2 protein chains.
Amino acid sequence: MSSEPERPPPAPEAGVPAATLSNKQRKRDARKAEKAAKYAQQQKPAAEDPSPEHGQQKQQQPAAAEDDPSAANYGDVLPGEILPAAVPDGPWAEIGRLDKAAAGRSVLVRAWAQAVYRGSKTKNVAFIELRRGMSTVQCVLAGSAQMMLFALSLPKESIVVVEGAVALLDNPLRYTTVREVEIQVRKLYCISRAAPKLPISVEDAGRSAEEFAKAEAKGVPLPCVGQDTRLDYRVIDLRTAAGQAVFRVQHQVENKFREYLSSKDFISIHTPKLISGSSEGGAAVFKLEYKNGKCACLAQSPQLHKQMAICGGFCRVFEVGSVFRAEDSNTHRHLCEFVGLDAEMEIMRHYFEVCDIVDGLFVELFRHLNENCKTELEAINRQYPFEPVKYLESTLRLSYEEGIQMLKEAGTEIEPMADLNTEAEKKLGQLVREKYDTDFFILYRYPLAARPFYTMPCYDNPAYSNSFDVFLRGEEIISGAQRIHEPELLAKRAAEHGIDKSSIKWYIESFRYGTPPHGGFGAGLERVVMLFCGLNNIRKASCFPRDPQRLSP
Amino acid sequence: MSSEPERPPPAPEAGVPAATLSNKQRKRDARKAEKAAKYAQQQKPAAEDPSPEHGQQKQQQPAAAEDDPSAANYGDVLPGEILPAAVPDGPWAEIGRLDKAAAGRSVLVRAWAQAVYRGSKTKNVAFIELRRGMSTVQCVLAGSAQMMLFALSLPKESIVVVEGAVALLDNPLRYTTVREVEIQVRKLYCISRAAPKLPISVEDAGRSAEEFAKAEAKGVPLPCVGQDTRLDYRVIDLRTAAGQAVFRVQHQVENKFREYLSSKDFISIHTPKLISGSSEGGAAVFKLEYKNGKCACLAQSPQLHKQMAICGGFCRVFEVGSVFRAEDSNTHRHLCEFVGLDAEMEIMRHYFEVCDIVDGLFVELFRHLNENCKTELEAINRQYPFEPVKYLESTLRLSYEEGIQMLKEAGTEIEPMADLNTEAEKKLGQLVREKYDTDFFILYRYPLAARPFYTMPCYDNPAYSNSFDVFLRGEEIISGAQRIHEPELLAKRAAEHGIDKSSIKWYIESFRYGTPPHGGFGAGLERVVMLFCGLNNIRKASCFPRDPQRLSP
């Protein structure tokens, strides 16, 4: 069969003129959509009678007239069916694993039909591009006229089952991830018919800025799917290669976080998100009516309870869980709800023990991602180009004063006893990169005034604190510190921060029963993924993000 | 040194008359507490001046007068210190690892001093029982009179650092987990002094029903810590061996859940807990004001979004995350907030594929816990005796109709098309155990009326559904089903359940863009732990539980 991709519209890659992406194609799409709608109408069952249960299915209804030699080999699934009875009970092939070695084999696949079109040279064949996860494969169909019509009527993004033979290609394909082989379709069933017109297309949502710029330069701009539209139709947006890849990376980040800390004798805990006081103080807290007239806050972090777990005798704990911030931050890096990666541990001598864990964990994490997520990082890189993170085997530690000094020397105006603003952080990241060749470093001994009330002051100078932030690509990614474990000092500090002591009495009292010195850190899962992958917006690293404007889907 | 435990009060174990736990001991405790309070008062620093930072500490202040030969070997930590400078920079020993092989070695430990008392035979020694995690060790001290006074003044549950030599004992101890050796104290520092009088004692909180019954029978009842009091002082309650063990088991449950599903190509996702409609319908939903006047619900499950992740092209996903139920259920097995273990997956032929995953996962989980949590399960068993779970290598599957039939034959009155009530579940569990010798089984094909709106009806009889519940020890532990992936049917079913379609439009619309048939299941982490360990109350399996009455600590 054809080894020459005939795919319309060709993506504007090097050598393929973007001009071919004309309005003609858009019109053709529209016509096809109409046809498909008509066809779907004809296929509707007469009545919604109860049909046989799965496993006891009737013989598959031929989809077309009796003079169709392919009649038994295609059609829509019956209502209530998961799979037509005519499909063999063979094992399912994973598209991503189809290669030369599979040539000649008969395979069964279920996937999204991301593109269906008639051959431009060989008119009596239809091409179907199947996608499953991050893998795509070309299928080619040469059935009866009716079967061809059936195939060509399939709306993009319908779920189909294909049975066929794997055939070696003379020339590798350019548009699919499976490049050496294609599937020659024998049977084709539609399992779930997509709407004839989708609100956004996976293809459009998956384009890189470079593709847009090239097309724009040639005067044939491509439809651009804005960030908000993507999120409105997130279930389609997530189907892009980069969308799929980001969450596979996220899965690995979480796995590694858990695995590393477990190997260091941390245990996983879960603390309540409904609490009777605010965890971090300030106004950025969601409140709600609990039972029996009580008022509850949504935890802004697991801070209070993870410390209480230390009071409860767990020497080292971590938590992966939801965190809620009612902040009005409409930035590229804030969400109203995110996943906190938190750890808390006894400190035996010095709070640098917490830095040591952060250091070991993240260096190991970076290595792991670079080694084990190559395909995913490439997919992200194709749509959102980024440079790999530069990091040192032993993470650089600078004191806050050293950081301020570097900024001053570079001419940045800075308030030495306040927190760094976003610009100063960015600048410091740049200076550190130039001087130390790393995108990842720890800045410790922050001014006390810039930290939450539970942070341990430095005893040699209580204007500073036993605390640190960690930066990746010039943005804060982790915050950590030694905590106050002495209840009187804790109560005093809470009061100084304007926190009503009575609202967190249960927390302060916990330190009266013998408490080991302890500290910990917190990071945001989405921010770790965003910064590691160099994404420009944290929303891309959240499955269904929540920000001040967005509460759905 | 002494190999004979002289510990007062002896726990009422076999052979030790419970009568020895007299009021004398209570009075002695009270006197000791007073003494300790006085001592602590004397030790308070004159002023709260800034002191040197850790690592640059001053020479440790002798805790007593200059005529004390042990003066340099004990004392309270200075304000701001994590560890006195006089403590050697040796490695920290893990109490749990001290055994015969360690005899003769010098060790450094930091732990809770759970008991301190003067030798009853040898008056010039003090015994200190140290606890760290689930391990306890006896320390014996024979210092100057002042050092003895210092030691004996330590309130129970203070954090201390001990440096000393490991010594082999002639007879194994009965009250500590380290039985073959003790530590002969050379240095003793108090790192965090507990309040002289604790609201509950770890010892009381750690007693079994059997101990209480025995003491009661002998007319010397022991102080009983009720479930509510335990939870009020959860940070102390968690320090009991069973308390520690439960959450180590929980850690393993979560790890195995993730590991097993990851090995079956599931990826971990995180879905929003703040949503614009209710996930399960009904009134049991917490509502709050979101940003910009919007009203949000706290997700009652990740149901809607985990299905949308399948729409988003992730073939198999799981989530470990918070779940909120505003139910007024004051039972032993309901919480207002718990940790959901959820999975969702494409179904290729039949919803039993979901049962297969549940089957494989839980059989593997049970095996793993029995093999890897022996110490923890023993600790739980000591306080809360239970029989190990009986399960089959291939999990029993019964249809709902078969289950009803068994109940009918046993004379239980039952409404065949409604859900099973708690009693019927318990009874069925008992019948199944008698007939099939298993505590764990799957009941499938539930009446549709008993299931949520998104459950796929059976096509051969829409009064039933492609759904299942899983039972452990006669209680529901997992719920699962095939989901409706056809938007019109889904909208119809939502309406039939009285759910305002517009509130979940974003969910229903997700199925219009090509959706694979899919299904999944959900379990509660706390309930899995509770039922596996045969605990009588789910609150014991939640670090800081939330129920209609409880929003703190």
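- Going by the annotation in an unreviewed UniProt entry, the name recorded for chain A is aspartate--tRNA ligase, with Triticum aestivum given as the source organism.
- The heading Subcellular location (unreviewed entry) in the UniProt record of chain A holds the text "Cytoplasm".

**A closer look at the overall build of chain A**
So, point 1. When you go through chain A residue by residue, the secondary structure sums to 15 helices and 17 strands.
So, point 2. The proportion of buried residues among the 553 residues of chain A is 61%.
So, point 3. The long-range fraction of contacts in chain A, counting pairs at least 24 apart against all pairs at least 6 apart in sequence, stands at 71%.
So, point 4. Surface summary for chain A: the accessible area is close to 21100 Å², and the carbon and sulfur share equals 49%.

**Comments concerning the side chain of B:D359**
So, point 1. With respect to the helices, strands and loops of the structure, B:D359 is situated in helix 9 (residues 352–372).
So, point 2. In contact with B:D359, other than residues within four places in its own chain, are B:E393, B:S394, B:T395 and B:R397.

**Digging into the relation of the copies chain B and chain A**
So, point 1. Taken as rigid bodies, chain B and chain A are interconverted by a rotation of 180° and an axial shift of 0.0 Å, the fit giving an RMSD of 0.0 Å. Look at the turn and shift together and you get a two-fold axis relating the two. Using C-alpha coordinates, one finds that chain B approaches the rotation axis most closely at B:L288, a distance of 2.5 Å.
So, point 2. When the interface residues of chain B are mapped onto chain A, 100% of them are again interface residues, pointing to one common binding face.

**Quick notes on helix 8 (residues 303–311) of chain A**
So, point 1. Burial analysis of helix 8 of chain A places nine of its nine residues in the buried class, the great majority of the element.
So, point 2. Of all the residues in helix 8 of chain A, the buried ones are A:Q303, A:L304, A:H305, A:K306, A:Q307, A:M308, A:A309, A:I310 and A:C311.

**Details of the packing of aromatic side chains**
So, point 1. For the coordinates displayed, the defined rule picks out 34 aromatic pairs over all chains.
So, point 2. Judged by centre distance (6.0 Å) and plane angle (85°), the ring pair of A:F314 and B:F247 falls under edge-to-face. With one member in each of two chains, A:F314 in the loop between helix 8 and strand 11 (316–324) and B:F247 in helix 7 (residues 241–263) form a pair that bridges those chains. B:F247 carries the same exposure label as A:F314, and that label is buried.
So, point 3. Among the aromatic residues, those joined into a ring-pair cluster are A:F362, A:F366, A:Y391, A:F440 and A:F532.
So, point 4. The ring of A:F352 carries A:R397 above its face, with NZ or CZ at 5.2 Å from the centroid.

**Quick word on the pairing of strand 11 (residues 316–324) of chain B**
All names here are of chain B.
So, point 1. Summarising burial for strand 11: eight of the nine residues are buried, a large majority.
So, point 2. Bridge analysis of strand 7 (residues 267–268) against strand 11 gives two bridges, and the strand direction is parallel. Of the residues in strand 11, the one forming a bridge with I267 is V317.
So, point 3. Strand direction decides the pairing type here: strand 11 and strand 12 (residues 337–346), joined by nine bridges, are antiparallel. Bridging across to strand 12, F324 finds its partner in E337.

**What about the sheet that holds strand 13 (residues 396–399) of chain B?**
In a beta sheet, neighbouring strands pair by backbone hydrogen bonds and run either parallel or antiparallel.
Residue and element names in this part refer to chain B.
So, point 1. One open sheet accounts for eight strands, arranged 7-11-12-17-16-15-14-13; its pairing is mixed. The strands lining the two open edges of the sheet, one partner per strand, are strand 7 and strand 13.
So, point 2. Across the sheet, helix 8 (residues 303–311) touches strand 11, strand 12 and strand 17 (518–524), and the angle it forms with strand 12 is around 25°.

**Observations regarding the interface of chain B and chain A**
So, point 1. Facing 117 residues of chain B, the contacting portion of chain A comprises 117 residues.
So, point 2. Between chain B and chain A, the buried area comes to about 9700 Å², and carbon and sulfur atoms account for 58% of it.
So, point 3. Considering only the side of chain B, the residues that lose the most area to chain A are B:R349, B:Y513 and B:L551, jointly responsible for 9% of the buried surface there.
So, point 4. For the pair chain B and chain A, the number of links is eight salt bridges.

**Notes on the domain arrangement of chain A**
Residue and element names in this part refer to chain A.
So, point 1. Each domain of chain A was delimited in the assignment, giving domain 1 (74–192), domain 2 (202–239) and domain 3 (243–540).
So, point 2. Domain 2 and domain 3 are separated by 34 Å when their C-alpha centres are compared.
So, point 3. Taken together, the contact pairs 12 residues of domain 2 with nine residues of domain 3.
So, point 4. In total, about 710 Å² of surface goes out of reach between domain 2 and domain 3, with carbon and sulfur atoms giving 44% of it.

**Observations concerning the pattern of salt bridges**
Residue and element names in this part refer to chain A.
So, point 1. Evaluated as defined, the whole model comprises 81 salt bridges over all chains.
So, point 2. Between R451 and D469 there is a salt bridge, with the nearest N and O atoms lying 3.0 Å from each other. Within this pair, whereas R451 is found in the loop between strand 14 (440–444) and strand 15 (467–472), its partner D469 is found in strand 15, the two being separated by 18 residues in sequence. Residues R451 and D469 agree in their burial class; the two are buried.
So, point 3. Each member of the salt-bridge network shares a partner with another, and the members are K256, E259, E364, R367 and E371.

**Concerning helix 9 of chain B**
So, point 1. With 21 residues, helix 9 of chain B extends 30 Å between its outermost C-alpha atoms, agreeing within 8% with the 30 Å of an ideal straight helix rising 1.5 Å per residue.
So, point 2. Along helix 9 of chain B, the residues classified as buried are B:V354, B:C355, B:I357, B:V358, B:D359, B:L361, B:F362, B:V363, B:L365, B:F366, B:H368 and B:L369.

**Side note on the sheet that holds strand 12 (residues 337–346) of chain A**
Residue and element names in this part refer to chain A.
So, point 1. Pairing within the open sheet is mixed, and its eight strands lie in the order 7-11-12-17-16-15-14-13. Strands with a single pairing partner mark the edges of an open sheet, and in this sheet they are strand 7 (267–268) and strand 13 (396–399).
So, point 2. Note that strand 16 (residues 475–482) and strand 17 (residues 518–524) share five bridges and pair antiparallel. In the sheet register, I478 faces strand 17, and the bridge partner there is A523.

**Observations regarding the packing of helix 7 (residues 241–263) of chain A against helix 15 (residues 525–532) of chain A**
Residue and element names in this part refer to chain A.
So, point 1. Two elements in contact, helix 7 and helix 15, have axes whose closest approach is 10 Å; the angle formed by their N-to-C orientations is 120°. Between helix 7 and helix 15, the angle is such that the two are oblique. In the packing of helix 7 onto helix 15, the handedness of the crossing is right-handed. Contacts between helix 7 and helix 15 involve V246, Q250, V253 and E254 from the former and L525, E526, V528 and V529 from the latter.
So, point 2. Within the contact of helix 7 with helix 15, the residues separate by chemical class into five nonpolar, one polar and two charged.

**Considerations on the environment of B:V529**
All names here are of chain B.
So, point 1. Considering the arrangement of structural elements, one finds V529 in helix 15 (residues 525–532).
So, point 2. Overall, V529 belongs to the buried group, its relative accessible area being 0%.
So, point 3. On a C-alpha basis, the gap between V529 and A541 in space is 6.3 Å, while along the polypeptide they are 12 residues apart.
So, point 4. Look past the residues within four positions of V529 in its chain and what remains in contact with it is V246, Q250, V253 and A541.

**With respect to the side chain of A:R230**
Residue and element names in this part refer to chain A.
So, point 1. Topologically, R230 is positioned in helix 5 (residues 227–232).
So, point 2. A relative accessible area of 8% places R230 in the buried class.
So, point 3. In this structure, R230 is in contact with I200, A205, V225, D237, Q383 and Y384, ignoring residues within four places of it in sequence.

**Details of the confidence of the model for chain A**
Residues and elements named next belong to chain A.
So, point 1. Averaged over all residues, the pLDDT of chain A equals 89, while 88% of them reach at least 70.
So, point 2. Every residue in residues 10–33 is under pLDDT 50, and counting partners more than four places away or in other chains gives 33 contacts.
So, point 3. As a predicted assembly, this complex carries a pTM of 0.89 together with an ipTM value of 0.89.

**So, the packing of helix 11 (residues 400–409) of chain B against helix 12 (residues 422–436) of chain B**
Residues and elements named next belong to chain B.
So, point 1. Closest axis-to-axis distance for the helix 11/helix 12 pair is 10 Å, and the angle between their directions is 90°. Classified by the angle between their axes, helix 11 and helix 12 sit roughly perpendicular to one another. Packed against helix 11, whose contacting residues are G403, M406 and L407, the element helix 12 presents A424, K427, L428, L431, V432, K435 and Y436 at the interface.
So, point 2. Partitioned by chemical class, the residues of the contact of helix 11 with helix 12 number seven nonpolar, one polar and two charged.

**Remarks on unusual backbone geometry**
Residue and element names in this part refer to chain A.
So, point 1. The omega angle of the peptide bond from S552 to P553 is 5°, so this bond is cis rather than trans.
So, point 2. Looking at the secondary structure, you find P553 in the segment after helix 15.
So, point 3. We note that E157 has phi near 75°; this positive angle belongs to a residue other than glycine.
So, point 4. Within the fold, E157 resides in the loop between helix 2 (145–152) and strand 5 (158–168).
So, point 5. Using a relative accessible area of 2% as the deciding quantity, one classes E157 as buried.
So, point 6. Its identity as a non-glycine residue notwithstanding, N292 has a phi of 55°, on the positive side.

Rules used in this analysis
- Residues numbered from 1 in each chain as written.
- Chains lettered and ligands numbered in written order.
- Predicted model: local features only at pLDDT ≥ 70, side-chain atom pairs only at ≥ 80, totals over all residues.
- Heavy atoms only, no water.
- UniProt positions renumbered as here; feature names shortened; annotations may be inferred.
- Helix = DSSP H or I, 4+ residues; strand = E, 2+ residues; numbered from the N terminus.
- Buried < 20%, exposed > 50% of the residue type's maximum accessible area, 1.4 Å probe, protein only.
- Contact = heavy atoms within 4.5 Å.
- Areas by Shrake-Rupley, 256 points an atom, 1.4 Å probe, with all protein chains shown as cover.
- Least-squares fit on C-alpha atoms with pLDDT ≥ 70 in both.
- Phe/Tyr/Trp six-rings, centres within 6.5 Å; stacked < 30°, edge-to-face > 60°.
- Lys NZ or Arg CZ within 6 Å of the ring centre and 35° of its normal.
- Pairing = 2+ DSSP bridges.
- Axes fitted to C-alpha atoms, helices over the stretch in contact; angles between N-to-C directions.
- Buried area = accessible area lost by both parts, 1.4 Å probe.
- Salt bridge = Lys/Arg side-chain N within 4 Å of Asp/Glu carboxyl O.
- Domains from an automatic or database assignment.
- Expected span 1.5 Å × (residues − 1).
- Parallel < 35°, antiparallel > 145°, perpendicular 65-115°, else oblique.
- Left-handed = near helix turned anticlockwise from the far one by under 90°.
- Nonpolar A, V, L, I, M, F, W, Y, C, P; charged D, E, K, R; others polar.
- pLDDT = per-residue confidence, 0-100.

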